[in-house]
Every structure is written in structure tokens, then in C-alpha cells.
Amino acid sequence: MNIRSVGIIGAGQMGAGIAQVFAASGYDVLMNDISGDALTQARTRIETGTARMVQKEKMSDADRDRTLSKLDSTTDLAALGPCDLIIEAATENEETKQKIFKGLEPSLAEHSLLASNTSSISITRMASQTDRPECFMGLHFMNPVPVMKLVELIRGIATSAETFETMKTVVASLGKISANAEDYPAFIVNRVLIPMINEACYTLYEGVGNVASIDAALKLGANHPMGPLELGDFIGLDTCLSIMNVMHHGLADSKYRPCPLLVKYVEAGWLGRKSGRGFYDYRGETPIPTR
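All chains use their own residue numbering, which begins from 1 and follows the written sequence. At least 70 in pLDDT is required for a residue's local features to be given in this predicted model, at least 80 for side-chain atom pairs to be given and counted, and no such filter applies to totals for whole chains, interfaces and linings, which use all residues. As a rule here, side-chain values come from all non-hydrogen atoms in the structure, and water together with hydrogens is ignored.

**A few points about the overall build of the chain**
Note the threshold: Note on conventions: DSSP H or I runs of at least 4 residues are helices, E runs of at least 2 residues are strands, and numbering of each starts at the N terminus. Atoms counted for the radius of gyration: C-alpha only. Globule rule: 2.2 Å times residue count to the power 0.38. Summary of the burial criterion: residues with accessible area below 20% of their type's maximum are buried, those above 50% are exposed, and those between are partly exposed, where the area comes from a 1.4 Å probe applied to protein chains only. Residues are treated as being in contact if the distance between any of their heavy atoms lies within 4.5 Å. Only the protein chains shown count as cover for residues, with accessible areas throughout obtained via the Shrake-Rupley method and a probe of 1.4 Å.
Broken down by element type, the chain carries 11 helices and 10 strands. At 19 Å, the chain has a C-alpha radius of gyration in line with the 19 Å of a compact globule built from 291 residues. Dimensions of the chain along its principal axes, counting C-alpha atoms only, are 55 × 45 × 30 Å. A total of 291 residues make up the chain; the buried ones form 48% of that total. Once local pairs closer than 6 in sequence are excluded, the contacts in the chain between residues at least 24 apart make up 65%. Total accessible area on the chain is roughly 13800 Å²; 52% of this is exposed by carbon and sulfur atoms.

Have a look at this one:
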């Protein structure tokens with residue numbers, strides 16, 4: 001089917017990034033969040049991001065104006081019902097996501113396709129709770145969305161071939177590259193990436209190295225652009241823990257047991273960059289290791 005209008009549920013960093021790339025590609029975008037302040041902040045984030053792209057000559061002023069004109073927002077979930085494609089980008093909590101899709105269901109147009117930006121949760125299970133499992137897929141964008149080229153495409157057991165081909169075409173229209181992943185816990189990227197971050201936590205927990213040495217070792221020894229603990233802070237330690245819990249529960253393998261130190265950081269509210277502290281303290285001019 002021809003996708004022209006896109007609804008985005010969740011106006012955090014991921015939701016705003018997804019909204020930006022769709023608007024920049026000519027789609028009519030309607031952002032939704034329960035918080036009006038979050039929608040305002042998302043708009044500001046997009047305005048700032050596109051202004052930076054103009055400065056770097058990656059976007060013209062005319063293209064920026066056109067992108068911003070394609071964006072609208074609402075706190076009314078039902079207003080997204082007529083959209084051709086609706087992408088949920090809320091917090092990584094299955095109960096929250098299911099509640100969103102149930103609340104959306106009465107207002108959905110017959111042709112509307114549904115997608116979740118979940119980074120780990122079963123697409124099949126979420127789809128089964130909707131009235132259109134054959135029109136439901138996982139679209140996992142990478143963070144930061146405007147920069148990262150990859151989008152994981154995850155089919156549930158009931159996803160139709162037509163829905164899959166439509167989503168594949170949509171991803172290509174954004175200038176992104178898709179990778180097909182089977183519907184198993186954490187899919188491809190996070191199945192490999194998050195256990196690495198969790199293992200770095202264990203390395204710190206067991207005193208093999210401190211924060212600075214662990215990150216330096218992976219940056220200089222494995223040519224990673226960011227160290228694993230720095231990357232965990234960037235992703236959000238609560239998100240990392242949530243994904244580890246999904247894998248530990250879904251695969252029943254002890255190798256996916258979340259590191260107790262990661263659990264403690266999340267319990268303390270030290271979630272990384274977004275909270276000001278994680279494995280690094282971001283409250284000063286320069287990030288300082290907390291261990």
C-alpha cells in the first residue's frame with residue numbers, strides 16, 4: 001500500500017528522531033505523547049537538529065522549512081487513527097506498549113498498518129493483542145535516528161508478505177538500509193550489543209578494570225568509536241537492563257543474567273546521560289568516571 005501519513009507515538013529521543021526522518025522524506029507526520037511538554041521538547045530537538053544539518057550543509061534552508069512544515073503534534077491518541085502507518089516508540093515496557101495499542105484500536109482506519117520500535121520485545125506477542133496481527137511489524141530504528149543508517153525489520157508469525165514489503169519500501173524511502181531479523185528476544189543488534197555492555201559491567205563489578213580503562217581498552221583495542229560503558233550511558237542503563245531481562249527471561253540462559261552492578265545503578269536512578277549520572281557523571285563540563 002502507499003504510505004503518506006505517519007503517526008509517531010512517544011516524543012522522546014527516539015520518537016523525535018523517527019518523526020524527523022519521516023518528515024524530511026516528505027511524509028505527513030503526527031507526533032503523539034501524553035505530555036504536551038514532551039511534544040514541545042521534541043519539536044525543539046528537531047528544529048535544533050535540522051538547523052545543525054543546514055550549518056553543516058547536509059540540508060538546505062528550503063528542505064528544513066519543508067521538513068518542519070510536515071510535522072504536527074497532538075496529545076490525543078485517537079487523532080492518529082486515520083494515519084496510514086502508526087509507529088509506537090514509547091518506553092521499553094511491554095505492558096505500556098500493549099496499553100497504547102489497545103487505546104488506539106477503536107480509532108484505527110481499516111487500512112492502517114502498525115509498527116513498534118521495540119528493541120527487544122516479542123512482535124508476535126504484541127501483534128496478537130491487536131485486531132490486525134497481519135498488519136503489525138517491528139521497525140527498530142537505531143539511535144540517533146537521523147544519523148544511523150540501519151533499521152531492523154522484524155516480522156511476527158502472523159505478519160503478511162504485503163505488510164513486510166510495504167515496510168521494506170518505506171525504510172528504503174527514508175534513505176535507510178534494512179536488515180531482516182527473526183522475532184527472538186533482542187533481535188540482531190541488541191542480541192549482540194547489550195550482552196557486551198553487560199559483560200563490561202561485570203568486568204567493572206569484578207574489579208578487572210575501572211570505567212576509564214575498560215572503555216579505553218575497547219576503543220583502542222577493538223577500534224570501537226565508544227567504550228561499552230560510555231555506550232551504555234548513551235543508550236540509557238534502564239533500557240540496557242530491560243533488554244537483558246527480556247533476553248534472560250525469553251531465552252532462559254544464565255549467560256544473559258543482568259550484572260548486579262547494572263541493577264544497582266538503575267535502582268539509584270543513575271541511568272546515564274539522560275539523568276546526569278551513570279558510569280560517568282555528566283553534571284560538569286567534562287564527563288567524570290563514577291568508578
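**Topic: the environment of Thr 203**
Mapped onto the fold, Thr 203 is located in helix α7 (residues 189-205). Given the relative accessible area of 24%, Thr 203 is considered partly exposed. Taking C-alpha positions, Thr 203 is 48 Å from Asp 61, a pair spaced 142 residues apart along the chain. Excluding its chain neighbours within four sequence positions, the residues that come into contact with Thr 203 are Val 208, Gly 209 and Ile 214.

**Overview of the UniProt feature "domain: 3-hydroxyacyl-CoA dehydrogenase C-terminal" (unreviewed entry) in the chain**
Quick note on the threshold: UniProt positions are given in the numbering used here, feature names are shortened, and annotations may be inferred rather than shown by experiment.
As annotated in UniProt, the feature "domain: 3-hydroxyacyl-CoA dehydrogenase C-terminal" (unreviewed entry) corresponds to residues 187-282 in the numbering used here. The distance from the first to the last C-alpha atom of residues 187-282 is 31 Å, and the span holds 61% helix and 2% strand.

**Some words on the UniProt feature "domain: 3-hydroxyacyl-CoA dehydrogenase NAD binding" (unreviewed entry) in the chain**
Under the feature "domain: 3-hydroxyacyl-CoA dehydrogenase NAD binding" (unreviewed entry), the UniProt entry names residues 6-181. Across residues 6-181, helical content stands at 40% and strand content at 22%; the span's end C-alpha atoms are separated by 23 Å.

**A closer look at the packing of aromatic side chains**
Applied cut-off: When two rings of Phe, Tyr or Trp (its six-membered ring) have centres within 6.5 Å they constitute a pair, described as stacked for plane angles under 30 degrees, edge-to-face for angles over 60, and tilted for the intermediate range. By definition, being over a ring means that NZ of Lys or CZ of Arg is both within 6 Å of the ring centre and within 35 degrees of the ring normal.
Taken as a whole, this structure holds seven aromatic pairs when the rule is applied. Judged by centre distance (6.2 Å) and plane angle (70°), the rings of Tyr 202 and Tyr 205 are edge-to-face. Of this pair, Tyr 202 and Tyr 205 both sit in helix α7, three residues apart, which is roughly one turn of that helix. For Tyr 202, a relative accessible area of 10% translates into the label buried. Exposure remark for Tyr 205: the relative accessible area of 46% places this residue in the partly exposed category. Through pairs of rings, three or more aromatic residues link up here, namely Phe 22, Tyr 27 and Phe 141. The ring centre of Phe 164 lies 3.9 Å from the NZ or CZ of Arg 155, which sits over that ring.

**Some details on the environment of Leu 108**
By the secondary structure assignment, Leu 108 is in the loop between α4 (94-104) and β5 (113-116). Given the relative accessible area of 12%, Leu 108 is considered buried. The sequence separation of Leu 108 and Met 1 amounts to 107 residues, and the corresponding C-alpha distance is 16 Å.

**Remarks on the nonpolar core**
Selection rule: To define a nonpolar core, start from buried Ala, Val, Leu, Ile, Met, Phe, Trp, Tyr and Cys residues and group those joined through side-chain atoms within 4.5 Å.
Counting residues in hydrophobic clusters, the biggest one holds 37 residues, and the most contacted among them are Phe 22, Val 29, Leu 85, Ile 87, Leu 139 and Phe 141. In terms of residue count, helix α1 (residues 13-24) provides more of this core than any other element does, seven residues in total. Beyond its immediate sequence surroundings of up to four residues, Phe 22 is in contact with Val 6, Tyr 27, Val 29, Leu 85, Ile 87, Phe 141, Val 170 and Leu 174. Formed by 18 residues, the second largest nonpolar core is a distinct cluster that contains Leu 30, Ile 100, Leu 114 and Met 126.

**Some words on the pattern of salt bridges**
What counts is decided by this rule: When a carboxyl oxygen of Asp or Glu lies within 4 Å of a side-chain nitrogen of Lys or Arg, that pair is called a salt bridge.
Scanning the model with the defined rule gives 11 salt bridges in all. With its nearest N and O atoms 3.6 Å apart, the salt bridge here joins Glu 92 to Lys 97. The burial state of Glu 92 is the same as that of Lys 97; both residues are buried. One salt bridge in this structure joins Arg 125 and Glu 94, with 2.7 Å as the shortest N-O distance. Placement of the pair is Arg 125 in helix α5 (residues 123-128) and Glu 94 in helix α4, with a sequence separation of 31 residues.

**Looking at the side chain of Glu 230**
As for its placement among the helices and strands, Glu 230 is situated in helix α9 (residues 228-235). Apart from residues lying up to four places away in sequence, Glu 230 is in contact with Asp 215, Lys 219, Arg 273 and Tyr 280.

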